[in-house]
Amino acid sequence: MTRIDPIRALLLTLAWSLSGFTCVMVAMAMYRLIDDKLVASLFAGVFVVLDITKYLLWPGARDTARRGGVRLAALIVVCAVALSAGSG
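Keep in mind that this is a model prediction, so the values were computed, not measured.

Enquirer: Can you explain the overall build of the protein? Please cite residues and give values.
Expert: The secondary structure content of the protein amounts to three helices and zero strands. Ordered by position from N to C terminus, the α and β elements of the protein give α-α-α. Expected size for 88 residues packed as a compact globule is a radius of gyration near 12 Å; at 16 Å, the protein overshoots this value by more than 25%. Overall, the C-alpha framework of the protein stretches about 50 × 35 × 20 Å when taken along its three principal axes.

Right, here's the structure in full:
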């Protein structure tokens, strides 16, 4: 049985909580602004996937840098920041 690092577990919990909060807020905004509920659901779903992707890119960049892929890790960070700017 593997032991789970408490800091990692806390960070994962925070990331999923923030993503869930974003999901609810975006869905509420889309349903309020867009009359077609299918289109509103699609927009909300896209923003949720974007948000989860942003959160998953950071540990991916860290792990890539640890394995020696510093340039690739830097590109992953650039992508994460660009997605953050785009979703903002």
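Enquirer: Outline the layout of surface pockets, supporting the account with residue identities and numerical values.
Expert: There is about 360 Å³ of room inside the largest pocket. If you trace the largest pocket, you find 15 residues lining it, with L11, L12, A15, Y55 and P59 closest to the centre. Elements that contribute at least two residues to the lining of the largest pocket include exactly α1 (6-33) and α2 (37-66). With eight residues, α1 is the largest single contributor of residues to the lining of the largest pocket. Looking at the lining of the largest pocket residue by residue, the classes come out as eleven nonpolar, one polar and three charged.

Enquirer: Give me the lowdown on the packing of α1 against α2, citing residues and values where you can.
Expert: At their nearest, the axes of α1 and α2 sit 9 Å apart, and the two run at 160° to each other. One element, α1, and the other, α2, form an angle in the roughly antiparallel class. As for the relative orientation of α1 and α2, their crossing is right-handed in sense. Along the contact surface, α1 presents R8, A15, W16, L18, S19, T22, C23, V26, A27, M30 and Y31, while α2 presents K37, A40, S41, F43, A44, F47, V48, D51, I52, Y55 and R62. Its residues assigned to classes, the contact of α1 with α2 shows 15 nonpolar, three polar and four charged.

Reading the values: the criteria
- Residues numbered from 1 in each chain as written.
- Predicted model: local features only at pLDDT ≥ 70, side-chain atom pairs only at ≥ 80, totals over all residues.
- Heavy atoms only, no water.
- Helix = DSSP H or I, 4+ residues; strand = E, 2+ residues; numbered from the N terminus.
- Rg over C-alpha atoms; globule rule 2.2 N^0.38 Å.
- 1 Å grid on protein atoms, 1.4 Å probe; cavity = no way out; pocket = protein on both sides within 12 Å on 5 of 7 lines; lining within 4 Å.
- Points joined across faces, edges and corners; volume = space filled by probe spheres on them.
- Nonpolar A, V, L, I, M, F, W, Y, C, P; charged D, E, K, R; others polar.
- Axes fitted to C-alpha atoms, helices over the stretch in contact; angles between N-to-C directions.
- Parallel < 35°, antiparallel > 145°, perpendicular 65-115°, else oblique.
- Left-handed = near helix turned anticlockwise from the far one by under 90°.
- Contact = heavy atoms within 4.5 Å.

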